[in-house]
Amino acid sequence: MGFVAACLLALPGRAHAADADTAQGMSREQAQQVLAVMNDPAKRAEFTNTLSAIASRLPSAPAAAPGTVTDTLQVEPDTLGSDLVQDMETLRGRLIVQAQHFVALFGDLVFVAHWTHTIFADPQSRMILFDAMGRATLILLLALAAEHGFSLLLRKPLLKVTERAVATERRLNLPDATAAPAAAPPAGASTQDTDDAQAQQGDMQAQHATLRLLARVPYSLMHLLIKLLPVGLFFALGTCFAYLLTTTHQAMLVTLTLTNAYVVARVVYLLLETLFVPHSPAIRLCSASDQTAFMVTHWLNFLVAAPSVVVCLSTLGGVFDMPARGTEAIIRSVVLIEHVLVAIFTWRVRMHVAVALQPPARLRTQPFWMFLGRLVYLWWVPAMFFNFALWLIWATHIQGGYAWIIRTVILTTAVVILSRVLSVLIFNLQNRLFHVSPLMEARYPGLQARVNYYYPASRKILSFLMFFASATLFLQALGLPAIHFLFHGRLGPKIIGAMLSVLVAYTVAIIIWEAANAALQGQIAHFENSSQTGRASRLRTVLPIIKTVLLALIIIIVAVTTLSQIGINVAPLLTGAGIMGAAIAFGAQSLVKDFITGFFMLVENAIQVGDWVTAGGVSGTVEHLSIRTLRLRSVNGDLHIIPFSEVSSIANTSRDYNLVVVDFMIDLSQDTKQLCAILHEELEIMRKTPRYGHLIMSEFAFLGIEQADGNGARFLGSVRTTPGSKWTVYREYYARLAVRMNHEGIKFPVPSFLNFLDNGPGQDGLKVTATVPPATGPHADSPA
C-alpha cells in the first residue's frame, strides 16, 4: 500500500492537493519506482487496474439534498439491480482503460522519433550505428550471393525429385485412367441403390486421393531439404562473418540478429511453400490450381517478412539502448501492418476458398446444403474479424489471449486433419464389411441386397459418431473441458452410456432379425430341395405370421431399452400395456379366438393359398390367408372373407386325391353287369386320352346296389382322380355315359305320372334317356 500511496501522490491532482510536508515525505526511490511504472506499459496497465478496483470499492458521493437533480441511478443495495449496475460500471471502466491503452500504443511512436533524433545528434552513437549497419549489410550481401549460387547448383537434384514425383503420380493415376468406367445403375434401380453406389464410389475416390497425397509426402520432404541447404549455407556464412569481419560488439549483434531473422523468415516461407510448390504440381500437398499456388507463394514473401522484422527490432532495440516502450511501439506498428497484409490477402483469396468449401454436388440440391453453400461465400468476414482480434489481444496485453488463439488454431487444425483421415479409414472399413464375397453370395442368395439395405443407416450413424467425436475434440481444443464432462462429469457418462446402449440394442436387434430371416429362408430352401414341398408350403404360409410376431417383439424390446436409456421410467408403461392387453383380451374374445384358431390352422397346414375348400358353408378357392381371416373366391366370383372363429370344419378338395362318385337310379330289369362293363369301358377310353389320362388315378370301382324299390335300383360306383380335378373328370365322364347309355338302351325308372303319360294308347314301351346329376365345383359352369 505504500507503493500505491506513492503513486497516488505522484498524480498531478494529488500533488497539488497534498501539503508540503506530505510531498516531502516521498523518497527518491519511490519517485524512481513511480517513473518506472509510468514508462512500462505492462506495469502502467496493472497500476490502472489497481486504481479502478480501489475506485469501485470506495463509497459513492453523498446523496443529494431533496429537490436536487442527480445524474446517477439510485438502486437498492444487495439486489439484482445493484449487481447489474456494478457489473456495468466495472465493464465500462475496463473498456475505458483498454481504449486508453489502445490510444497509448501509438503515442509512444513520438518517443521513438525523439530517441532517433538523439542518436543521430551524438557523433559517437552515429558512428557506431553506421559501422554496425554497414558491416551487417556487406556480410548479408555476401551470404545472399553464396546462397543464390548454391541454389543454382541444386537445380538438377530438384528436377530429378520432380521427375520421380511425376512418374509416381502417373503410376498412381494409371488405374483410374485405364480402368473401365463405373457401371451405370440398371434402369429399375431405386434411388437408394444409386445413392449407395455413389457413396461407395466417393469413398473409394477419397481413399485413392489420400493414398496419392501420402505418396507425395516423401518427395515434398526431399524438395524441402534441398531448398533448406542454401539457407543453411547462408546461416553458416552469416554467423562466421559476424565473428570474423566485425570490430564492435554492436556490429556483431546486428549481423547475427539480421542473419537469424532472415533464416527464420526463409524457413517459414519454405515450409509454407511446400504445401503449394507452384513450379512442381506433382509434389504439391495442397489441392490448388497453379494460378492460386503462384498467388499464395507471392504473398508469402510479404507475410513472412513481418515476423523477421519483429525479431530484429526486439533484439536491436536492446543493442542500441532503445527504451522498451519505443521498441514495443515499433513492434506493434509492424505487427499491425502484418495483419493488414493478411486482411488484404484474405480478400484476394476469398473466392478461391469459397469455391473449395462448397459441399459435394450430390448434396447441393438439399435446402440446408444450399444455404450452407451460399453462407461460405462470407467466410472472409469472420476471418478478418479474427485476424484483427489477434492483433488487438496481443497489443492490449490480454493475459494468455494470443497464446490461447495460437494453441486453439493448431489443435483445431490437427482435429480437422485427424477426423478427415479417420473418416476415410472408417468409411473404407465399412465398405469392406458391407461387401459380400461372390462365394458368400452364392451360398446365401440375396445377402448382398439385404446388407445394402442397412448401408445408408450405418453410414449416417458413423457420420454422427465421427461428428460427435470431432465436436468433442474441437471443444476440448477451444479450452472447454469436453472430455472431462463426457467421461468424468455427472451427465456426460450417462449420455455416453445411453448412446452405446441404444446402439448395441439396435445392432443386436438387426442381427437377430436377419439371422431369423436367414434361418427361415434356409429351412424353406432345404424342404424344397429335399422334395418336402408340403412342409415348405406350410412354412411359407406361416412365415409372414412368424415375421410379424418376431418384429413386434424386437420393436417392443428396443423401444423399451431406448426409453429407459433416455431417462423415461418404463415401469408404468409396461404396467399400463399389461392392463390394456388384458382389457383388450376380455373385450375382444372373438378376435383372440380368430388369431388362435388361425394360427393353429396354418401351423397344421389345413389349408393353403390356391386350395379349393368348403369352410363356413362357403365353397371356393383360397386367395389369401392371414392370422385372423380366410378369403375364398366362390364360383360366381364373389369374395367371401370368413373369420377363423366361424370356421368349425374345413373340407379341402385339393389334398391327396378326389373321388368321382357315380350315383344314379336304373330300372329293376336292367342288367347290372352290362352297366358295369359300359362304365368301365368308357373310363378306359378316357384314360387313353392325353387330356384326361393324367387326371384319372384308378379304374372304375363298382360299389353295388344301395337300394331297390318301386322307384328302381340305386347304382353306386367310384373313380379316383388327382386333387382338384374331380369336376373335370365328372363332367366328361357323365357326358360320355349319357351318349353310350342312350345308345345301348339302358333303362331308367320314370315317375308314375310320367309312365301314365308315356304309356298311353299307341305306345309300345318307354324311350330310355340317361340323366346326369348336376355338377358342382369350381368348373361347373365352364365348357366341357
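Just above, that's the structure.
Position numbers for residues start from 1 in each chain and track the written sequence from start to end. Confidence filtering applies because this is a predicted model: local features only for residues at pLDDT of at least 70, side-chain atom pairs given and counted only at 80 or more, and all residues used for totals across whole chains, interfaces and linings. Calculation of side-chain values draws on the structure's entire complement of heavy atoms; hydrogens and water are dropped beforehand.

(A) Highlighting the packing of aromatic side chains. Stacked, edge-to-face and tilted are the three classes for Phe, Tyr and Trp ring pairs, Trp counted by its six-membered ring, which pair at centre distances within 6.5 Å; planes under 30 degrees apart are stacked, over 60 edge-to-face, the rest tilted. One pass over the full model with this rule turns up 11 aromatic pairs. Consider the rings of Phe 664 and Phe 715, whose centres lie 5.4 Å apart with planes at 20 degrees: the pair is stacked. Of this pair, Phe 664 sits in strand 6 (residues 658-666) while Phe 715 sits in strand 8 (residues 712-721), and the two are 51 residues apart along the sequence. Relative accessibility under 20% of the residue-type maximum defines a buried residue, over 50% an exposed one, and the middle range a partly exposed one, all with a 1.4 Å probe and only protein chains included. Looking at Phe 715, the relative accessible area reads 0%, which means it is buried. Aromatic side chains Phe 700 and Phe 715 sit 6.4 Å apart centroid to centroid with 0 degrees between the ring planes, which places their arrangement in the stacked category. Here Phe 700, found in the loop between helix 28 (690-693) and strand 7 (701-709), pairs with Phe 715, found in strand 8; they are 15 residues apart in sequence, far enough to count as distant. Grouping aromatic residues by their ring pairs yields a cluster made of Phe 664, Phe 700, Phe 702, Phe 715 and Phe 748. Placement of a charge over a ring requires the Lys NZ or Arg CZ to be within 6 Å of the ring centre, with the centre-to-atom vector within 35 degrees of the ring normal. When the ring centre of Trp 347 is taken as reference, the NZ or CZ atom of Arg 350 above it lies at 3.6 Å. Geometry around Tyr 657 places Arg 720 over its ring, the cationic atom sitting 3.9 Å from the centre. Runs of H or I in DSSP of at least four residues are treated as helices and runs of E of at least two as strands, each being numbered from the N terminus.

(B) Focus on the packing of helix 27 (residues 672-687) against helix 29 (residues 726-744). To define axes, lines are fitted to C-alpha atoms, for helices over the stretch in contact only, and angles between the resulting N-to-C directions are given on a 0 to 180 degree scale. Following both chains from N to C, one finds helix 27 and helix 29 inclined at 130 degrees, their axes separated by 10 Å at the closest point. Looking at the two axes, helix 27 sits oblique to helix 29. The handedness of the crossing between helix 27 and helix 29 comes out as right-handed. Side by side, helix 27 and helix 29 meet where Gln 674, Leu 675, Ile 678, Leu 679, His 680, Glu 681, Glu 682, Leu 683, Ile 685 and Met 686 of the first sit next to Val 729, Glu 732, Tyr 733, Arg 736, Leu 737, Arg 740, Met 741 and Glu 744 of the second. Each angle is binned into one of four classes, with values under 35 degrees roughly parallel, values over 145 roughly antiparallel, values of 65 to 115 roughly perpendicular, and all other values oblique. Two helices crossing with the near one rotated counterclockwise from the far one by less than a right angle form a left-handed crossing, whereas a clockwise rotation gives a right-handed crossing. Between two residues, a contact is recorded if the distance between any of their heavy atoms is within 4.5 Å.

(C) Spatial organisation of the side chain of Asn 658. Within the secondary structure, Asn 658 is located in strand 6. Polar contacts here mean pairs of N or O atoms no more than 3.5 Å apart (in protein, one a potential hydrogen donor and the other a potential acceptor; neighbouring residues in sequence count only if both atoms are side-chain atoms). Polar side-chain contacts of Asn 658 include one of 2.9 Å to the backbone oxygen of Thr 653. Here the side chain of Asn 658 touches Gly 724 through a polar contact of 2.6 Å, landing on its backbone nitrogen.

(D) Summary view of the packing of helix 8 (residues 123-153) against helix 11 (residues 249-276). Helix 11 packs onto helix 8 with a crossing angle of 40 degrees between their chain directions and a minimal axis gap of 8 Å. Between helix 8 and helix 11, the crossing angle belongs to the class labelled oblique. Judged by the twist between their axes, the crossing of helix 8 over helix 11 is right-handed. Across from Ile 128, Asp 131, Ala 132, Met 133, Arg 135, Ala 136, Ile 139, Leu 140, Leu 144 and Glu 147 in helix 8, the residues of helix 11 making contact are Gln 250, Ala 251, Val 254, Thr 255, Leu 258, Thr 259, Tyr 262 and Arg 266. Throughout, the ten residues Ala, Val, Leu, Ile, Met, Phe, Trp, Tyr, Cys and Pro are labelled nonpolar, Asp, Glu, Lys and Arg are labelled charged, and all others, Gly among them, are labelled polar. Of the residues belonging to the contact of helix 8 with helix 11, the class tally is 11 nonpolar, 3 polar and 4 charged.

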